[in-house]
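Fold and contact review
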Amino acid sequence: MALTFSKYVIQPMFYLGCPVPDHAVRLLAAATIIFLTWLNCYNVRITTRVQNVFLFAKVGGLCTVIVAGLVHL
């Protein structure tokens with residue numbers, strides 16, 4: 001999941017028409033995992049809020065796709 005996140009973050013910012021280097025994707029993915037691990041160790045309450053934000057974003061995206069599909073039909 002972190003690899004997919006880092007690829008989608010790096011691609012439009014730095015490598016618009018070029019292939020993304022594998023080491024850059026892995027480095028950002030490792031940094032993301034380290035940051036989330038540190039955040040969880042620092043304060044579980046903040047981590048819960050971050051997970052809630054991601055949950056609402058995911059459900060909102062799913063609802064958008066469903067509504068767009070129904071409108072397209």
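Everything in this summary refers to the structure shown in the same document. (Residues numbered from 1 in each chain as written. Predicted model: local features only at pLDDT ≥ 70, side-chain atom pairs only at ≥ 80, totals over all residues. Heavy atoms only, no water.)

Here the focus is the overall build of the protein chain. Looking only at helices and strands, the protein chain features 3 helices and 0 strands. If you list the helices and strands of the protein chain from N to C, you get α-α-α. Expected size for 73 residues packed as a compact globule is a radius of gyration near 11 Å; at 16 Å, the protein chain overshoots this value by more than 25%. For the protein chain, the C-alpha atoms occupy an extent of roughly 45 × 40 × 15 Å along the three principal directions. Burial status across the protein chain gives 14% buried among its 73 residues. Entry remark: accessible area of the protein chain is about 6300 Å², with carbon and sulfur atoms responsible for 73%. (Helix = DSSP H or I, 4+ residues; strand = E, 2+ residues; numbered from the N terminus. Rg over C-alpha atoms; globule rule 2.2 N^0.38 Å. Buried < 20%, exposed > 50% of the residue type's maximum accessible area, 1.4 Å probe, protein only. Areas by Shrake-Rupley, 256 points an atom, 1.4 Å probe, with all protein chains shown as cover.)

Turning our eyes to something else, we now look at the packing of aromatic side chains. Applying the stated criterion to the full structure yields 2 aromatic pairs. Ring centres of W38 and Y42 lie 5.2 Å apart, and the angle between their planes is 15°; this geometry places the pair in the stacked category. Residue W38 and its partner Y42 are located together in helix α2 (residues 22-42), separated by 4 residues, close to a single helical turn. Here W38 falls in the partly exposed class, since its relative accessible area comes to 47%. (Phe/Tyr/Trp six-rings, centres within 6.5 Å; stacked < 30°, edge-to-face > 60°.)

With the rule as written, the count across this model stands at 1 salt bridge. With a shortest N-O distance of 2.9 Å, R26 and D22 are connected by a salt bridge. On the criterion of helical spacing, the pair formed by R26 and D22 is a turn pair, its members being 4 residues apart in helix α2. (Salt bridge = Lys/Arg side-chain N within 4 Å of Asp/Glu carboxyl O.)

The end-to-end C-alpha distance of helix α3 (residues 44-72) is 42 Å, a good match for the 42 Å that 29 residues give at a rise of 1.5 Å each. By the N-cap criterion, in which a side-chain oxygen at the helix start approaches the backbone nitrogen of a residue two or three places on, α3 is capped by N43, the distance to R45 being 3.1 Å. (Expected span 1.5 Å × (residues − 1). Polar contact = N/O pair within 3.5 Å; in protein donor to acceptor, adjacent residues only side chain to side chain.)

From the geometry alone we can't say anything about function, so treat these as descriptive.
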